[in-house]
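Survey of secondary and tertiary structure
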Amino acid sequence: MLISRCKKIFYLVTVLLLCQAQAVIASSYFSMADGGETPENQMKFTDGKISAMVGESLSLWENHWAGVFLLPAIEIGNFQTGQSSPHQMWRGKAGLSAQWDIPMKSLPYLETGFAHESDHVSDEESYKKKYFVSEGKYLDNRSLRSFEYFFLGIPLRLYPGQKWKTESMAILRIFTPPVNSHAPFAQKAGFAFSGSLSYSPGIDFSFFLKLLADKTIGDYTPYMDSYKPELERNNFSRYGVRLGMDIRLAKVMVSPSLGYFHGTGYGMDFMERVSGAVFQISVNRILTDERNPDTPPDFPE
């Protein structure tokens, strides 16, 4: 318990300190964020449950054709409805990515990297009541969800018109044997796809429709003897849709949206399949990367 709390504090302090630096959000900001790799600052209400994330993509080095980014984030959420604030579980992520330009109009760059994630429960008593066959069973709160993986992101961007833009991102994840020797090697590979259609009637705001699908190949069956038998153990998939707005306020992007989500959770609720409405609001600093400008090219009239 003490180690888990210290780890949580370490993640949070690291993120807050790093967020004081000048953030550079490259053109991967939309796609990789919805695909789960690029961290962002957001509050989310999903099927009556609250979660909040703090994180930023931080530039370590850049020139006109390539860049290296640090990806710290921490998310705190709930596995029960009716909670007044997110507090019942948390997950910390730390990643390093490299991005380089591709000399193709619709394929502006490629991005690859390596990430570590560690998920933990803060409210163990309520967690065992909800998910365990017996409250006396042991919860491996330190190691059950500690893992690492390589990822590769391939984007596609098109401008059907001066005010219209479509973006998509395919993300491949390959998991490696966990650094934590007590953690199960239960996830092998994953694939995520995110896509958006946006319309910008003005320079300071735009409307968007975003889609997300995510599938992870794995099997936690040997490690979940304590859990109720009806819970998911080896079919971790998610999909969702959101409709919302991006509102530019100086160097800040505020993005409220409404949508629908179906699938398993991302943290220690990874075995529970839920469906329901989603309200999400994200607030992130933005600096347009000169290598990957976020404005469409000049089209002839």
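Structural data are supplied above this passage.
Here's what I pulled together on the structure shown here. If you're wondering where the values come from, they're calculated on a predicted model, not measured in any experiment. (Residues numbered from 1 in each chain as written. Predicted model: local features only at pLDDT ≥ 70, side-chain atom pairs only at ≥ 80, totals over all residues. Heavy atoms only, no water.)

Topic: a nonpolar patch on the surface
Note the cut-off: Only residues whose relative accessible area exceeds 30% and that take part in no salt bridge are eligible for patches, with like-charged residues grouped when within 9 Å of each other and nonpolar side chains (Val, Leu, Ile, Met, Phe, Trp, Tyr) grouped when within 5 Å. Note on areas: Shrake-Rupley, 1.4 Å probe, and residue coverage restricted to the protein chains presented here. Any Lys or Arg side-chain nitrogen found within 4 Å of a carboxyl oxygen on Asp or Glu counts as a salt bridge. Working definition: helices are DSSP H or I runs of at least four residues, strands are E runs of at least two. Numbering for both runs from the N terminus.
Together, Phe114, Phe150, Leu152, Ile154, Leu172, Ile174, Phe191 and Phe193 give the surface a local cluster of nonpolar side chains, amounting to about 690 Å² of exposed area. Of all the secondary-structure elements, those providing two or more residues to the nonpolar patch are strand S7 (145–161), strand S8 (164–176) and strand S9 (187–199).

What to know about the side chain of Asn78
Under the convention used in this document: N or O atoms within 3.5 Å of each other form a polar contact, as long as, within protein, one can give a hydrogen and the other can take it, and as long as residues adjacent in sequence are counted only when both atoms are side-chain atoms. Residue contacts are counted whenever heavy atoms from the two residues lie within 4.5 Å of one another.
Mapped onto the elements, Asn78 comes out in the loop between strand S4 (66–77) and strand S5 (89–101). Here His87 takes part through its backbone nitrogen, which lies 2.9 Å from a polar atom of the side chain of Asn78. Those residues in contact with Asn78, other than ones at most four positions away along the chain, are Lys49, Ile50, Gln83, Ser85, Pro86, His87, Gln88 and Met89.

Notes on unusual backbone geometry
Where the residue is not glycine, phi is negative for most of them; where a peptide bond is considered, it is trans in most cases. Worth spelling out the cut-off: Here's how the labels work: a residue is buried when its accessible area is under 20% of the maximum for its type, exposed when over 50%, partly exposed in between, all with a 1.4 Å probe on protein chains only.
The backbone of Asp47 shows a phi angle near 50 degrees, a positive value even though the residue is not glycine. Looking at where Asp47 falls in the secondary structure, it is placed in the loop between strand S1 (42–46) and strand S2 (49–55). For Ala250, which is not a glycine, the phi torsion comes out positive at approximately 55 degrees. Of note, Ala250 is situated in the loop between strand S11 (236–249) and strand S12 (252–264). Given the relative accessible area of 86%, Ala250 is considered exposed.

A few points about the nonpolar core
Formally: Take the buried Ala, Val, Leu, Ile, Met, Phe, Trp, Tyr and Cys residues and link them wherever side-chain atoms come within 4.5 Å; each set so joined is a nonpolar core.
Counting residues in hydrophobic clusters, the biggest one holds 17 residues, and the most contacted among them are Tyr127, Tyr131, Tyr227, Met268 and Met271. With residues up to four places along the chain from it excluded, the contact list for Tyr131 reads Phe79, Ser226, Tyr227, Lys228, Leu231, Asp269, Met271 and Glu272. Grouped together as the second largest cluster of nonpolar side chains are eleven residues, Leu71, Ala115, Phe151 and Phe175 included.

What to know about the pattern of salt bridges
Scanning the entire structure with this criterion turns up twelve salt bridges. A salt bridge links Glu167 to Arg157; its shortest N-O distance comes to 3.1 Å. Pair noted here: Glu167 is in strand S8 and Arg157 is in strand S7, with a separation of ten residues, a long-range link. A residue is classified by how much of its surface remains accessible, and Glu167, at 9% relative accessible area, is buried. Taking the relative accessible area as the measure of exposure, Arg157 reaches 8% and is therefore buried. The residue Asp214 makes a salt bridge to Arg238 at a minimum N-O spacing of 3.8 Å. One end of the pair, Asp214, is in strand S10 (residues 205–218); the other, Arg238, is in strand S11, and 24 residues separate them in sequence. Exposure remark for Asp214: the relative accessible area of 5% places this residue in the buried category. Classification of Arg238 by relative accessible area gives buried; the value is 8%. Each of Glu75, Arg91, Lys93 and Glu117 takes part in a single network of salt bridges with overlapping partners.

Details of the pairing of S11
Heads up, the condition is: In short, DSSP must find at least two bridges between two strands for them to pair.
Bridge analysis of S10 against S11 gives twelve bridges, and the strand direction is antiparallel. Residue pairing for S11: Phe207 is matched across the bridge by Met245. As paired strands, S11 and S12 are joined by ten bridges and run antiparallel to one another. Among the inter-strand pairings, Gly244 is bridged to a residue of S12, identified as Ser257. Joining the antiparallel neighbours S11 and S12 is a turn of two residues, in which Ala250 adopts a positive phi near 55 degrees.

Some words on the side chain of Arg238
A distance of 2.9 Å separates a polar side-chain atom of Arg238 from the backbone oxygen of Gly265. Once residues within four sequence positions are removed from consideration, Arg238 is found in contact with Leu212, Ala213, Asp214, Thr216, Phe261, His262, Gly263, Thr264, Gly265 and Tyr266.

Some thoughts on helix H3 (residues 124–131)
Every buried residue belonging to H3 is among Ser126, Tyr127, Lys128 and Tyr131, and all of these are buried. Residues of H3 that are buried in the fold lie against strand S6 (109–121).

Here we look at the pairing of S2
In terms of residue burial, S2 counts as a mostly covered element, since five of its seven residues are buried. Relative to S2, S1 runs antiparallel, the two sharing five bridges. Across the sheet, Gln42 pairs through a bridge with Met53, a residue of S2. Adjacent in sequence and paired antiparallel, S1 and S2 are bridged by two residues, among which Asp47 carries a positive phi angle near 50 degrees. In this sheet, S4 lies alongside S2 in antiparallel orientation, the contact comprising five bridges. Bridged to Gly55 within S4 is Ala73.

Geometry only, nothing functional implied.
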